[in-house]
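The residues making up each chain are set out below.
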Number of protein chains: 2
Amino acid sequence: MIKIYDDGVTFPKGFTASGVHAGIRKNKLKRDLALIAAEKSVPAAAVYTLNTVKGAPLIVTKRHLENGYARAIICNSGNANTCNADGEEIAEKTSELLGRCLGADAGDVIVASTGVIGQRLSMEPFERGIPELVNTLSAEGGKDAAEAIMTTDTRLKQAAAECLIGGRPVRVGGIAKGSGMINPNMATMLVFVTTDAAISPETLQKAVSLDVRDSFNMITVDGDTSTNDMFAVMASGQAGNDEIKAMTPEFEKFSKLLSTVTRTLCKKIAADGEGATKLLECRISGAATKELARKAAKAVVGSALVKAAMFGSDANWGRVLCALGYSDTALDAGKADVAFVSAAGKIDVCASGSGIDFSEETAKSVLSENEIVIDVDLHCGIFGAVAWGCDLTYDYVKINGDYRT
Amino acid sequence: MIKIYDDGVTFPKGFTASGVHAGIRKNKLKRDLALIAAEKSVPAAAVYTLNTVKGAPLIVTKRHLENGYARAIICNSGNANTCNADGEEIAEKTSELLGRCLGADAGDVIVASTGVIGQRLSMEPFERGIPELVNTLSAEGGKDAAEAIMTTDTRLKQAAAECLIGGRPVRVGGIAKGSGMINPNMATMLVFVTTDAAISPETLQKAVSLDVRDSFNMITVDGDTSTNDMFAVMASGQAGNDEIKAMTPEFEKFSKLLSTVTRTLCKKIAADGEGATKLLECRISGAATKELARKAAKAVVGSALVKAAMFGSDANWGRVLCALGYSDTALDAGKADVAFVSAAGKIDVCASGSGIDFSEETAKSVLSENEIVIDVDLHCGIFGAVAWGCDLTYDYVKINGDYRT
């Protein structure tokens with residue numbers, strides 16, 4: 001049984017964290033540099049954006065993770081360190097500085113950045129911030145780290161869970177930033193997860209790569225796949241379980257534990273999409289293949305027209321059918337049933353691909369809630385998928401009409 | 001030399017048109033039923049949406065165009081006649097009724113609908129409207145027809161052009177509706193084009209299929225590929241030119257004439273995207289292949305973040321790089337130069353994939369115009385493409401948050 005906790009990356013044994021204001025952002029009240037540290041070099045795994053324009057920190061991190069081990073994750077907000085001529089140099093210098101302060105190898109540092117693309121990043125704030133970051137590392141520092149990676153996020157995002165594996169309690173905890181430029185492809189904007197499970201780098205990588213297909217790859221805020229997406233995990237091994245081997249019952253248990261944390265973070269990212277007032281969840285069932293189910297779910301929550309209709313609490317299910325229809329040329333939406341579900345109830349709006357009579361009043365009340373499920377049964381097979389998104393609002397336009405200046 | 005005219009589907013010889021209020025829409029001042037008629041059955045060609053959910057009128061039109069000939073195009077706005085159990089029956093009955101009134105074969109009718117998906121459409125307005133439509137057909141009726149197909153369009157869209165082919169003046173004219181659910185794939189929302197060129201159905205189809213790749217398939221308003229996209233052309237043959245054969249110099253001339261009209265309609269559709277205040281044009285050059293150029297151009301004008309930045313006159317070129325980077329996994333944006341161009345001037349913002357210093361003040365003035373060109377040279381090859389879109393504004397959200405009710 002998996003128990004869920006309101007905690008983050010310092011929940012698993014063997015990790016400390018901190019977050020400080022280093023001066024990358026102008027607002028002095030906002031922490032802008034985060035650190036998550038293990039006690040020694042531990043197994044680590046990551047997945048990265050498939051955007052061919054890659055942030056310099058991702059290129060450096062990929063190099064550092066080639067051996068499958070890491071000691072710490074450092075992440076700044078306020079500047080993406082992307083499309084800068086000296087970006088890699090800055091990311092390497094940051095790793096070296098952190099390595100010196102921690103007494104670790106620079107090659108064991110996972111480095112990440114988020115913020116505006118194409119603005120030069122100076123070493124100054126790192127020189128000021130890193131010693132303070134290291135000095136304030138603590139087992140209660142998870143929240144400070146979660147706060148320091150926020151950009152236009154309005155809410156701090158963390159999740160934690162625990163279950164028994166091989167008779168030992170194993171924990172997973174994570175933090176995330178989301179908000180805009182969210183349409184991850186292999187990873188999300190930034191997600192850092194820790195676990196105290198004993199697991200090899202290869203098995204951890206397998207678990208992570210499997211997980212993203214149904215977690216972060218299934219959320220979208222605006223269809224823009226970021227240059228800086230990264231989902232990184234470190235495993236301290238301090239839970240005391242026997243090492244988890246791939247494709248065993250223990251691996252299944254660990255994967256479920258991991259996905260409990262990642263799916264919770266997914267919902268938090270989608271619900272806090274830029275300008276969002278509502279979390280949208282599209283549940284597809286009855287698809288002919290898993291891939292068609294995933295594409296269909298993501299097309300529905302990604303449709304600007306569906307998103308705007310949900311903002312207006314308008315049961316415009318024709319837009320759901322339209323999105324299903326363009327999700328893939330092999331998808332048959334002709335037999336689709338569609339219902340809207342929320343805390344206020346359920347309303348069926350479409351059966352076998354055609355509209356059915358329904359009460360506009362009831363629909364309005366169902367759609368006025370802040371968590372809406374769009375339930376679709378394609379009646380074409382046995383596969384399903386879930387995707388998360390948010391409504392499209394005036395505030396999305398406001399936030400993004402003048403983000404940089 | 002191609003001459004451009006402010007005219008539409010009745011500009012070429014051999015066509016009449018009309019538009020009336022038939023009662024499909026509640027607003028009695030808004031025409032909602034359009035007719036374009038040839039004097040007899042003439043060569044016709046069309047391309048349709050690739051959305052697998054297809055409007056009933058498209059299915060019926062496809063059937064009617066199997067023989068390559070048509071006599072008339074009828075189109076209603078206010079109801080898409082899509083996802084209705086009796087949709088095909090309604091579209092066939094409409095064709096029969098029009099056929100009777102025109103003295104034509106029902107199988108020679110191109111039928112189209114645009115509006116809300118999934119609302120039953122009754123025959124009543126057609127029974128009332130079709131006789132009036134036929135009685136008011138005139139060589140000056142192009143504008144009435146253009147008005148009758150508008151939905152959330154704020155401006156009537158028509159274009160016309162003429163050039164000599166084989167020593168004879170050949171004309172092409174067209175009307176379009178656009179606005180929302182615009183991300184055509186093989187055709188746009190609705191575009192009807194006429195020509196008086198002498199051309200066979202097969203050659204006409206070839207010209208149309210080639211044309212859409214660089215015209216309507218290169219516009220996007222919101223990324224939502226409609227269920228009812230259709231681009232249909234009729235050729236009266238009354239220009240008196242020798243029949244145009246495929247892949248001859250005359251075919252090239254005709255294709256250029258056609259594209260003069262279709263590209264003008266593209267810009268009009270994009271500029272009048274729902275809520276739009278600005279027309280965006282992305283010009284890609286230096287791509288390694290034509291396909292990469294097309295994908296890159298369309299990704300840039302389709303990015304919600306680029307669109308919102310343009311609304312705010314914010315020179316956030318990092319979002320342009322980001323969109324290039326996710327447009328295709330084979331695209332290299334590392335050497336890209338980016339500039340913004342408008343009537344107020346040109347400003348270079350990125351060279352070889354990295355930011356360069358520029359005046360924010362000048363950028364603001366360039367981006368404050370209502371037609372913005374985003375000029376990208378990838379420095380990877382010789383191929384180019386152009387795509388059109390519009391900014392993302394509060395009004396897009398407003399229009400689509402409560403479209404149906």
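Values in this document were obtained by computation on a predicted structure and should not be read as measured data.

*Asks:* Which parts of the structure should I look at to understand the overall build of chain A?
*Replies:* When its secondary structure is counted, chain A shows eleven helices and 15 strands. Taken over C-alpha atoms, the radius of gyration comes to 21 Å for chain A, in line with the 22 Å a tight globule of 405 residues would show. Projected onto its principal axes, the C-alpha coordinates of chain A cover approximately 70 × 55 × 35 Å. For chain A, the residues scored as buried account for 61% of the 405 residues in total. Of the contacts made within chain A by residues no fewer than 6 positions apart, 81% connect residues no fewer than 24 positions apart. When the accessible area of chain A is evaluated, it comes to approximately 14,100 Å², of which 50% is carbon and sulfur surface. Each charge class in chain A can be summarised by its mean position, and for the 43 positive and 50 negative side chains these summaries are 2 Å apart.

*Asks:* Sorry if this is basic, but what is going on with the relation of the copies chain A and chain B here?
*Replies:* Think of it as a corkscrew move, a rotation about one axis and a shift along it, taking one chain copy to the other. Expressed as a screw transformation, the operator carrying chain A onto chain B has a rotation angle of 180° and an axial translation of 0.0 Å, and the superposed copies differ by an RMSD of 0.0 Å. Viewed as a symmetry operation, the transformation between the two copies matches a two-fold axis. Nearest to the rotation axis, the C-alpha of Tyr394 of chain A is located 2.5 Å from it, this being the minimum over chain A.

*Asks:* Teacher, can you tell me more about unusual backbone geometry here?
*Replies:* What is expected of a backbone is that most residues other than glycine have negative phi and most peptide bonds are trans. All names here are of chain B. The backbone phi angle of Asn81 is positive, close to 45°, even though this residue is not glycine. Along the chain, Asn81 falls in the loop between β4 (69-77) and α2 (87-102). We classify Asn81 as buried; its relative accessible area is 2%. The backbone of Met247 shows a phi angle near 60°, a positive value even though the residue is not glycine. Following the sequence through the fold, Met247 ends up in the loop between β9 (230-235) and α6 (249-271). Taking relative accessible area as the criterion, Met247 reaches 53% and is therefore assigned exposed.

*Asks:* I tried to follow the environment of Ala46 of chain A on my own but got confused; where do I start?
*Replies:* All names here are of chain A. With respect to the helices, strands and loops of the structure, Ala46 is situated in strand β3 (residues 33-48). Of the residues examined, Ala46 reaches a relative accessible area of 7% and is grouped as buried. The spacing of Ala46 and Ala34 is twelve residues in sequence and 18 Å in space, taken between C-alpha atoms. Each residue touching Ala46, except ones within four places of it in the same chain, is listed here: Leu65, Gln205, Phe231 and Ala232.

*Asks:* Quick question: what am I supposed to make of the side chain of Thr195 of chain B here?
*Replies:* Residues and elements named next belong to chain B. With respect to the element layout, Thr195 can be found in strand β8 (residues 190-195). One polar contact links the side chain of Thr195 to the main-chain carbonyl oxygen of Arg171, over a distance of 2.8 Å. Reaching out from Thr195, the side chain makes a polar contact with the backbone nitrogen of Ala197 at a distance of 3.0 Å. If near-sequence neighbours (up to four positions away) are discounted, Thr195 is found in contact with Pro12, Phe15, Val170, Arg171, Val172, Met234, Ala235, Ser236, Gly237 and Phe254.

*Asks:* Help me understand the domain arrangement of chain A, please; the structure alone is not making it clear to me.
*Replies:* The accessible area lost on association of the parts is a frequent measure of interface size. Residues and elements named next belong to chain A. When the domains of chain A are assigned, the result is domain 1 (3-271) and domain 2 (279-401). Computed over C-alpha atoms, the centres of domain 1 and domain 2 are 31 Å apart. Counting from both sides, the interface comprises 17 residues of domain 1 and, opposite them, 17 residues of domain 2. Surface buried jointly by domain 1 and domain 2 totals about 1,400 Å² across both partners, of which 60% is contributed by carbon and sulfur atoms. Contact with domain 2 buries surface across domain 1, with Met218, Thr220 and Lys267 losing the most and accounting together for 41% of the total. Where domain 1 meets domain 2, there are three salt bridges. Across the pair Glu281 and Lys267 runs a salt bridge, and its minimum N-O distance is 3.6 Å. Elements supplying a minimum of two residues to the side of domain 1 that touches domain 2: α5 (201-214) and α6 (249-271). When residues of the side of domain 1 that touches domain 2 are assigned to their parent elements, the largest contribution, five residues, is made by α6.

*Asks:* Explain the interface of chain A and chain B here, please?
*Replies:* Listed by partner, the interface residues are 56 residues for chain A and 56 residues for chain B. Contact between chain A and chain B buries roughly 4,200 Å² in total, counting both sides, with carbon and sulfur atoms accounting for 58%. At the junction of chain A and chain B, the tally comes to zero salt bridges. Joining chain A to chain B, the criterion identifies 16 residue pairs in polar contact (both at pLDDT 80 or more). Elements with a contribution of two residues or more to the side of chain A that touches chain B: α8 (304-311), α9 (318-327), β13 (354-355), α10 (360-367) and α11 (394-401) of chain A.

*Asks:* Just checking my understanding: could you explain the packing of helix α1 (residues 56-64) of chain B against α2 of chain B for this structure?
*Replies:* Relative orientation and spacing of two packed helices are given, respectively, by the angle between their axes and the distance between those axes. Residues and elements named next belong to chain B. Orientation of α1 relative to α2, taken along the N-to-C sense of each, is 50°, at an axis distance of 8 Å. With respect to α2, the element α1 is oriented oblique. As α1 packs across α2, the resulting crossing turns out to be right-handed. Here Ala56, Pro57, Ile59, Val60, Arg63 and His64 of α1 come into contact with α2, specifically with Gly87, Glu88, Ala91, Glu92 and Ser95.

*Asks:* Explain the packing of α2 of chain B against helix α3 (residues 124-135) of chain B here, please?
*Replies:* Residue and element names in this part refer to chain B. Relative to each other, α2 and α3 sit at 35°, their axes nearing to 10 Å. Two packed elements cross with a definite hand, and for α2 against α3 that hand is right-handed. Residues Thr94, Leu97, Leu98, Cys101 and Leu102 of α2 lie in contact with α3, whose contacting residues are Phe126, Glu127, Ile130, Pro131 and Val134.

*Asks:* Is there a simple way to think about the environment of Lys157 of chain A in this case?
*Replies:* Residue and element names in this part refer to chain A. Inspection of the secondary structure assignment puts Lys157 in strand β6 (residues 157-165). Separated by 201 residues in the primary sequence, Lys157 and Phe358 have C-alpha atoms spaced 37 Å apart. Leave out the neighbours within four places in its chain, and Lys157 touches Ala146, Gly174, Ile175, Ala176, Gly178, Leu265, Lys268, Ile269 and Asp272. Only 3.0 Å separates the side chain of Lys157 from the backbone oxygen of Arg155, close enough to count as a polar contact.

*Asks:* Explain the pairing of strand β6 (residues 157-165) of chain B here, please?
*Replies:* The side chains of a regular strand alternate between the sheet's two faces. Residue and element names in this part refer to chain B. Along β6, eight of the nine residues are buried, which leaves the element largely enclosed by surrounding structure. Pairing of β6 with strand β7 (residues 168-177), which is carried by nine bridges, proceeds in the antiparallel orientation. Following the sheet pairing, Glu162 is matched in β7 by Arg171. Hairpin connection from β6 to β7: two residues lie between these consecutive antiparallel strands, with Gly166 at a positive phi of about 60°.

*Asks:* I'm lost on the packing of aromatic side chains in this one. Help?
*Replies:* Each aromatic ring pair is described using two quantities: the centre-to-centre distance and the angle formed by the ring planes. Tallied over the full model, the rule gives seven aromatic pairs over all chains. A ring pair is formed by Tyr5 of chain A and Phe11 of chain A, whose centres lie 4.8 Å apart and whose planes are at 35°; its orientation type is tilted. Each ring, one from Phe216 of chain A and one from Phe231 of chain A, has its centre 5.0 Å from the other, and the planes form 70°; the classification is edge-to-face. Taken together, the residues span a long stretch of sequence, with Phe216 of chain A in the loop between α5 and β9 (230-235) and Phe231 of chain A in strand β9 at a distance of 15 residues. Considered together, Phe216 of chain A and Phe231 of chain A belong to a single accessibility category, that of buried residues. Joined through ring pairs, the aromatic side chains of Phe311 and Tyr394 of chain A together with Phe311 and Tyr394 of chain B make up one cluster. Geometry around Phe11 of chain A places Arg171 of chain A over its ring, the cationic atom sitting 4.0 Å from the centre.

*Asks:* Can you help me understand the sheet that holds strand β13 (residues 354-355) of chain B in this one?
*Replies:* All names here are of chain B. Within the open sheet, the six strands sit side by side as β13-β12-β11-β14-β10-β15. Their pairing is mixed. The open sheet has two edge strands, β13 and β15 (383-390), and neither has a second partner. The pairing of strand β10 (residues 279-287) with strand β14 (residues 371-377) spans seven bridges and is classified as parallel. What sits directly across from Arg283, in β14, is Asp375. Seen against the sheet, α6 touches β10 and β15 and runs at an angle of roughly 40° to β15.

*Asks:* Explain the nonpolar core here, please?
*Replies:* In globular proteins that are soluble, nonpolar side chains generally tend to be buried together. By size, the foremost hydrophobic cluster in this structure holds 178 residues, and its most contacted members are Leu324 and Phe340 of chain A together with Leu324 and Phe340 of chain B. In this view, Leu324 of chain A contacts Ile284, Ala296, Val300, Leu331, Ala333, Ala336, Val376 and Leu378 of chain A; residues no more than four positions away in its chain are not counted.

*Asks:* What am I meant to see in the pattern of salt bridges here?
*Replies:* Oppositely charged side chains may form a pair once their charged atoms are brought near each other. All names here are of chain A. Summed over the entire model, instances satisfying the criterion amount to 32 salt bridges over all chains. For Arg63, the salt bridge identified is with Glu88, shortest N-O distance 3.1 Å. Linking Arg63 in helix α1 (residues 56-64) with Glu88 in helix α2 (residues 87-102), this pair joins segments that are 25 residues apart in sequence. Three or more residues joined by partner-sharing salt bridges are found here, namely Asp214, Lys290, Glu291 and Arg294.

Parameters at a glance
Residues numbered from 1 in each chain as written. Chains lettered and ligands numbered in written order. Predicted model: local features only at pLDDT ≥ 70, side-chain atom pairs only at ≥ 80, totals over all residues. Heavy atoms only, no water. Helix = DSSP H or I, 4+ residues; strand = E, 2+ residues; numbered from the N terminus. Rg over C-alpha atoms; globule rule 2.2 N^0.38 Å. Buried < 20%, exposed > 50% of the residue type's maximum accessible area, 1.4 Å probe, protein only. Contact = heavy atoms within 4.5 Å. Areas by Shrake-Rupley, 256 points an atom, 1.4 Å probe, with all protein chains shown as cover. Lys, Arg positive; Asp, Glu negative; His and termini not counted. Charge placed at Lys NZ, Arg CZ, Asp CG, Glu CD. Least-squares fit on C-alpha atoms with pLDDT ≥ 70 in both. Polar contact = N/O pair within 3.5 Å; in protein donor to acceptor, adjacent residues only side chain to side chain. Domains from an automatic or database assignment. Buried area = accessible area lost by both parts, 1.4 Å probe. Salt bridge = Lys/Arg side-chain N within 4 Å of Asp/Glu carboxyl O. Axes fitted to C-alpha atoms, helices over the stretch in contact; angles between N-to-C directions. Parallel < 35°, antiparallel > 145°, perpendicular 65-115°, else oblique. Left-handed = near helix turned anticlockwise from the far one by under 90°. Pairing = 2+ DSSP bridges. Phe/Tyr/Trp six-rings, centres within 6.5 Å; stacked < 30°, edge-to-face > 60°. Lys NZ or Arg CZ within 6 Å of the ring centre and 35° of its normal. Core = buried A, V, L, I, M, F, W, Y, C linked by side-chain atoms within 4.5 Å.

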